[in-house]
Amino acid sequence: MNLTGFYTLFCKEVLRFGKVWLQTLMAPIVTALLYLLVFGHVLQGRIEVFPGVGYLAFLVPGLVMMSVIQNAFANSSSSLIQSKVSGSLVFMLLAPLSHLEFFAAFVTAAVVRGLVVGLGVYLVAVLFVPVPVAHPWAVALFAVLGSAMAGTLGVIAGLWAEKFDQLAGFQNFVILPLSFLSGVFYSIRSLPPFWQGASHLNPFFYMIDGFRYGFFGQADTPPGISLLAVGGTFLLLAAAAVGMIRSGYKIRE
Amino acid sequence: MVPVSGPAAIAVAGLHKRYPGVHALRGIDLEVRRGEFFGLLGPNGAGKSTLIHVLAGLARASEGSARVLDHDVVRDYRESRRALGMVPQELVFDPFFTVREVLRIQAGYFGLGREHWPWVESLMAVLALDAKADANLRTLSGGMKRRVMIALALVHRPPVVILDEPTAGVDVDLRRSLWEFIRGLHRDGHTIVLTTHYLQEAEQLCERIAILNHGELVAVDRREALLARGIGRRLRLNVTTEVPLATLPEALRARVTAQEGTRLVFELHRDRDSVVGVLDALRDHGARIVDVATEAADLEDVFLELTRGDVKMKPQINAD
Ligand SMILES: Nc1ncnc2c1ncn2[C@@H]1O[C@H](COP(=O)(O)OP(=O)(O)OP(=O)(O)O)[C@@H](O)[C@H]1O
Ligand SMILES: [Mg+2]
């Protein structure tokens, strides 16, 4: 095992987003807070999703998780496409890094970015509305698994895309709809039966539902099921991503 | 030079590479010995970079095998990549980092941590990059970026170094200093493989030269032997006459390649034609010769002849 190699690639990926923190950390936190202000203001008092939980408080975990997902995805995908387009990916490909080391470095860096942004959104949000934490283990577990899954999806998208607009397409037509239609802004119980069923096919739904369970101790789906769904999807995507790296898909001729 | 024993620096056998619609390498067999200064020549699209990419693991062979210091580039990729430093043909760089950062990061990829940082500093000093150590790569000139790429290839102290056109687009001064630098690496015991389109460069630096054309090796030989091959067959004869000739002797018409005023150029075959015969024929034709000069072939002639397309030669591996 080339642990130093893995750790170096991980640090490089963290440095990369750290150097442009305004754009990679602050901007998403501000965006999430805008959602909170607008939706929270409009809908507060009209909806009670879980008994005893106000809408604003209900909204916070959803927004945190959405930020985690989108930023973890953005980190691995944009780093890969940038180094592919600039050609500097070659320096990583010349190094004695295994497929697994390569994959793990990109995903752990994505997890770090996801968690930093998520924590930022949470810390600023609780200035406006108290959000209790019922089960910290569930909060941590779903945040880590969720960001790992989104980071893995980012690796897949970054390997697949050849141009920035293909990546933007992936983001706009896959990531954004899946994260918006996963119960960030509502409980899926308020949906008609067909859309309730459809939501259960969306892995992001389980991430947000399990994550919310960590805060309120209640959820639309039993947390064990959510854990299985998120963990299972992560493993499937990870296998696909490692397979792509191993075969050199679009990176080795 | 001290003879070096042990496995070949580079060993390629039966190597084919097919891209959709392009058969880029058509059965390459090649060995580069340890400590050798080896030149890889060929026209654009011949397959030089493709061959190098297979060795570096950037491309996968369709058939055949490639080894670096006896490590298979696919099966033992960690060892083969540690043994190899490769300078890619294109100028590429990571716009997020400074010179010192990219070098330390690259060393880290190879498993080399802080204890290796003094070497990074000395590498920057040798390549005159130390003044720009904390400059972002974006802000460097092309020649500087080229030197950073060379430093990146050497950061893990590889015994085998492949440079894919390191002097392309580089000014005369930098080219000379790169030559000196690469010669120094060779003196220190590195195996060097160099591709270039400057034949003079290969002629001055390389001990052994392979010529690749359309994905096939058309020659592999010691520089002197390769030059002798050209000299053995072709000889250029420049003749200046007192007054321009209106006509040429029948026998010489097929041999003349240029006629400008009083100057005549003949392409002769060393074995079949005789210089004296040509001069005699001219005199018999009434010409008064005022100057005669002959030129031996240089690498360019050999190269052109071998890659002209109509000439196909069996690869000829010279044992020493
Ligand atoms: N990724 C690729 N996909 C398809 N064809 C390729 C690819 N890379 C190279 N080729 C083709 O393979 C052949 C050999 O190309 P290569 O780059 O090895 O040539 P070269 O000898 O390095 O040329 P140059 O002197 O111009 O650098 C060319 O016909 C080229 O078009
Ligand atoms: Mg090339």
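Heads up: the structure comes first, above all this text.
Presented here is a report on the structure given in the accompanying data block. (Residues numbered from 1 in each chain as written. Chains lettered and ligands numbered in written order. Predicted model: local features only at pLDDT ≥ 70, side-chain atom pairs only at ≥ 80, totals over all residues. Heavy atoms only, no water.)

### Topic: the sheet that holds strand β7 (residues 160-164) of chain B
All names here are of chain B. One open sheet accounts for six strands, arranged β6-β7-β8-β3-β9-β10; its pairing is mixed. Among the strands making up the open sheet, the edge pair consists of β6 (84-87) and β10 (216-222). The average undirected angle you get between the axes of adjacent strands in this sheet is 15°. Across four bridges, the pairing between β6 and β7 is parallel. Bridging from a neighbouring strand, Met86 pairs with Ile162 of β7. Against the sheet, helix α1 (residues 48-56) touches β3 (37-41), β6, β7, β8 (191-195) and β9 (208-213), its axis set at about 145° to β6. The sheet contacts of helix α5 (residues 142-154) involve β6 and β7, and relative to β6 the element is tilted by about 165°. (Pairing = 2+ DSSP bridges. Helix = DSSP H or I, 4+ residues; strand = E, 2+ residues; numbered from the N terminus. Axes fitted to C-alpha atoms, helices over the stretch in contact; angles between N-to-C directions. Contact = heavy atoms within 4.5 Å.)

### Considering the sheet that holds strand β12 (residues 256-260) of chain B
Sheet strands pair by backbone hydrogen bonding; their relative direction is either parallel or antiparallel. Residues and elements named next belong to chain B. Ordered in space as β12-β13-β11-β14, the four strands form an open sheet in which the pairing is antiparallel. Each edge of the sheet is formed by a strand with only one pairing partner; in this case those strands are β12 and β14 (289-295). Pairs of neighbouring strands in the sheet enclose a mean axial angle of 15°, with direction left out of account. With six bridges joining them, strand β11 (residues 234-241) and β14 adopt antiparallel strand pairing. Residue pairing across strands places Thr241 opposite Ile289, the latter belonging to β14.

### Focus: the coordination of the magnesium ion (ligand 2)
Residues and elements named next belong to chain B. Binding of the magnesium ion (ligand 2) to the protein goes through Ser49 (OG) and Gln89 (OE1), at separations of 1.9 to 2.1 Å. Of this pair, Ser49 sits in helix α1 while Gln89 sits in the loop between β6 and α3 (99-109), and the two are 40 residues apart along the sequence. A residue is classified by how much of its surface remains accessible, and Gln89, at 27% relative accessible area, is partly exposed. (Donors = N, O, S within 2.8 Å, 3.2 Å for Na, K, Ca; no water. Buried < 20%, exposed > 50% of the residue type's maximum accessible area, 1.4 Å probe, protein only.)

### Side note on the side chain of Ser179 of chain A
Residue and element names in this part refer to chain A. Position of Ser179 relative to the elements: it lies in helix α7 (residues 164-180). Among the residues examined, Ser179 registers a relative accessible area of 0% and is labelled buried. Within the structure, Ser179 has its side chain in polar contact with the side chain of Gln70 (distance 3.4 Å). In contact with Ser179, not counting residues within four places along its chain, are Met66, Gln70, Val184, Phe204 and Ile208. (Polar contact = N/O pair within 3.5 Å; in protein donor to acceptor, adjacent residues only side chain to side chain.)

### Comments concerning the layout of surface pockets
Taken as a whole, the largest pocket spans an internal volume of roughly 590 Å³. What lines the largest pocket is a set of 27 residues, among which Val90 and Glu253 of chain A together with His53, Leu58 and Glu90 of chain B lie closest to the centre. Only α3 (55-86) and α4 (89-93) of chain A together with α1 of chain B provide two or more residues apiece to the lining of the largest pocket. Looking at the lining of the largest pocket residue by residue, the classes come out as ten nonpolar, eight polar and nine charged. By volume, the second largest pocket is sized at about 450 Å³. (1 Å grid on protein atoms, 1.4 Å probe; cavity = no way out; pocket = protein on both sides within 12 Å on 5 of 7 lines; lining within 4 Å. Points joined across faces, edges and corners; volume = space filled by probe spheres on them. Nonpolar A, V, L, I, M, F, W, Y, C, P; charged D, E, K, R; others polar.)

### Observations concerning the site of ligand 1
Near ligand 1, the surroundings consist of 15 residues, among which Asn44, Lys48, Ser49, Thr50 and His197 of chain B are the closest. Near ligand 1, the surrounding residues belong to chains A and B. At 2.9 Å, a side-chain N or O of Gln89 of chain B approaches an oxygen atom of ligand 1. Take Glu165 of chain B: an N or O atom from its side chain is 3.4 Å from an oxygen atom of ligand 1. For ligand 1, the accessible surface in isolation is 630 Å², of which the surrounding protein chains cover 67%. (Near = heavy atom within 4 Å. Areas by Shrake-Rupley, 256 points an atom, 1.4 Å probe, with all protein chains shown as cover.)

Keep in mind that these numbers describe shape and distance, not what the molecule does.
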